[in-house]
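Reading the structure
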There are 2 protein chains.
Amino acid sequence: MTATFKVGDQAKLTKSFTAEDVNHFAALSEDFNPIHIDSVAAAASIFGGQVVHGMLVASLISGLLGAHLPGSGTIYLGQDLAFKAPIYIGDEVTAIVEVIEIREDKPIAKLRTYCLNQKGKLVLDGIATVKYA
Amino acid sequence: MTATFKVGDQAKLTKSFTAEDVNHFAALSEDFNPIHIDSVAAAASIFGGQVVHGMLVASLISGLLGAHLPGSGTIYLGQDLAFKAPIYIGDEVTAIVEVIEIREDKPIAKLRTYCLNQKGKLVLDGIATVKYA
């Protein structure tokens, strides 16, 4: 089995989340924490504004892996995530996946997975392990 | 700072995801992999049916942490995830979080975070690190 990608290959995706997106995700995840869905409470919190759920930001990584790199047929085996800084509603998040290891014995690869905000600040960092088709 | 919870405390939540939930999550995450959203292609795949996005299943953990244990004010610092088995549309997923470590020096705790299907099979396993209020 030979991978059609190599160490160093990258894919990226930029997206902003709206208040409606966050409300949808709150219903899906049952996480109705006021810092996510209540603009008044969020403004009064240490964050100073409505924060996008970390797991929603992380879902962009899942999307990149399944749709772009490795792409269709990818099976998600694991994901380590470190949430470094908040993403606010309306922020422009760029999610990046970069191949860091391709196993010789099995169709399994590791990718560094991270997200930056529109100022280039690292907001999420981690490692994904995937089986590729 | 004293935690209002102790090692061994648990919270759990059971939920089924519909095809509509999966379609919503596909749009949020930009992951339109056919195994998630195309019933015909999914039936013909090695999974034999439409699989819920792993990160959507994992979002139940986020919900438990933010809403139940530790609860309101929780800040998500990190999450390690191992995807063990598929969850299909209509499956009953039970997400469980259990406190495994409370730091003495800072308001930081670790919880084992895992999900079972309706047959009691482990489908997702991991560790969350949180700062609690």
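Heads up: the structure comes first, above all this text.
Residues numbered from 1 in each chain as written. Chains lettered and ligands numbered in written order. Predicted model: local features only at pLDDT ≥ 70, side-chain atom pairs only at ≥ 80, totals over all residues. Heavy atoms only, no water.

Spatial ordering of the open sheet is given by E1(A)-E3(A)-E4(A)-E5(A)-E2(A)-E2(B)-E5(B)-E4(B)-E3(B)-E1(B), a layout of 10 strands whose pairing is antiparallel. Either end of the sheet is taken by a strand with one partner, and the two such strands are strand E1 (10-16) of chain A together with strand E1 (10-16) of chain B. If you compare each strand with its neighbour and ignore which way they point, the axes differ by 20 degrees on average. Across 8 bridges, the pairing between strand E3 (residues 92-102) of chain A and strand E4 (residues 108-116) of chain A is antiparallel. Bridging from a neighbouring strand, Val99 of chain A pairs with Leu111 of chain A of E4 of chain A. (Pairing = 2+ DSSP bridges. Helix = DSSP H or I, 4+ residues; strand = E, 2+ residues; numbered from the N terminus. Axes fitted to C-alpha atoms, helices over the stretch in contact; angles between N-to-C directions.)

Let's shift gears to helix H4 (residues 54-67) of chain B. Residues and elements named next belong to chain B. Look at H4: 21 Å from first C-alpha to last across 14 residues, which is about the 20 Å you get at 1.5 Å a residue. Counting buried residues along H4, 12 of its 14 residues qualify, which places the element largely inside the surrounding structure. Burial in H4 covers these residues: Met55, Leu56, Val57, Ala58, Ser59, Leu60, Ile61, Ser62, Gly63, Leu64, Leu65 and Gly66. (Expected span 1.5 Å × (residues − 1). Buried < 20%, exposed > 50% of the residue type's maximum accessible area, 1.4 Å probe, protein only.)

Now for the packing of helix H1 (residues 19-29) of chain A against helix H1 (residues 19-29) of chain B. Two elements in contact, H1 of chain A and H1 of chain B, have axes whose closest approach is 11 Å; the angle formed by their N-to-C orientations is 140 degrees. Classified by the interaxial angle, the pair formed by H1 of chain A and H1 of chain B is oblique. Crossing geometry of H1 of chain A relative to H1 of chain B is assigned as left-handed. Contacts from Asp21, His24, Phe25 and Leu28 of chain A of H1 of chain A reach H1 of chain B at Asp21, His24, Phe25 and Leu28 of chain B. Looking at the contact of H1 of chain A with H1 of chain B residue by residue, the classes come out as 4 nonpolar, 2 polar and 2 charged. (Parallel < 35°, antiparallel > 145°, perpendicular 65-115°, else oblique. Left-handed = near helix turned anticlockwise from the far one by under 90°. Contact = heavy atoms within 4.5 Å. Nonpolar A, V, L, I, M, F, W, Y, C, P; charged D, E, K, R; others polar.)

This part takes up the relation of the copies chain B and chain A. By a simple turn and slide, chain B fits onto chain A: the slide is 0.0 Å along the axis, the RMSD is 0.0 Å, and the turn is 180 degrees. These values place the two chain copies in the arrangement generated by a two-fold rotation axis. In terms of proximity to the rotation axis, the leading residue of chain B is Asp80 of chain B, whose C-alpha is 2.1 Å off the axis. A symmetric contact is evident, with 97% of the interface residues of chain B recurring at the interface of chain A. (Least-squares fit on C-alpha atoms with pLDDT ≥ 70 in both.)

This next bit is on the packing of aromatic side chains. All chains considered together, the criterion is met by 5 aromatic pairs over all chains. Judged by centre distance (6.4 Å) and plane angle (35 degrees), the rings of Phe25 of chain A and Phe25 of chain B are tilted. Here Phe25 of chain A, found in helix H1, pairs with Phe25 of chain B, found in helix H1, and the two come from separate chains. Here the two residues Phe25 of chain A and Phe25 of chain B agree in accessibility, since each one is buried. Consider the rings of Phe5 of chain B and Tyr132 of chain B, whose centres lie 4.9 Å apart with planes at 80 degrees: the pair is edge-to-face. Highlighted residues: Phe5 of chain B in the segment before E1 and Tyr132 of chain B in the segment after strand E5 (122-131), separated in sequence by 127 residues. Geometry around Tyr114 of chain A places Arg112 of chain A over its ring, the cationic atom sitting 3.9 Å from the centre. (Phe/Tyr/Trp six-rings, centres within 6.5 Å; stacked < 30°, edge-to-face > 60°. Lys NZ or Arg CZ within 6 Å of the ring centre and 35° of its normal.)

Between chain B and chain A, the contact holds 35 residues from the first and 34 residues from the second. A combined buried area of about 2,800 Å² lies between chain B and chain A, and 60% of that area is made up of carbon and sulfur atoms. For the chain B face of the interface with chain A, the top three residues by lost area are Leu28, Met55 and Phe83 of chain B, together amounting to 24%. Linking chain B with chain A are 2 salt bridges, by the criterion used here. For Lys15 of chain A, the salt bridge is made with Glu30 of chain B, and the minimal N-O distance between the two is 2.8 Å. Linking chain B with chain A are 12 residue pairs in polar contact (both at pLDDT 80 or more). Those elements giving two or more residues to the side of chain B that touches chain A turn out to be E1, H1, H4 and strand E2 (75-83) of chain B. For the side of chain B that touches chain A, the class distribution of residues is 18 nonpolar, 12 polar and 5 charged. Of the strand pairs in this sheet, strand E2 (residues 75-83) of chain A and E2 of chain B are connected by 5 bridges, and their pairing is antiparallel. (Buried area = accessible area lost by both parts, 1.4 Å probe. Salt bridge = Lys/Arg side-chain N within 4 Å of Asp/Glu carboxyl O. Polar contact = N/O pair within 3.5 Å; in protein donor to acceptor, adjacent residues only side chain to side chain.)

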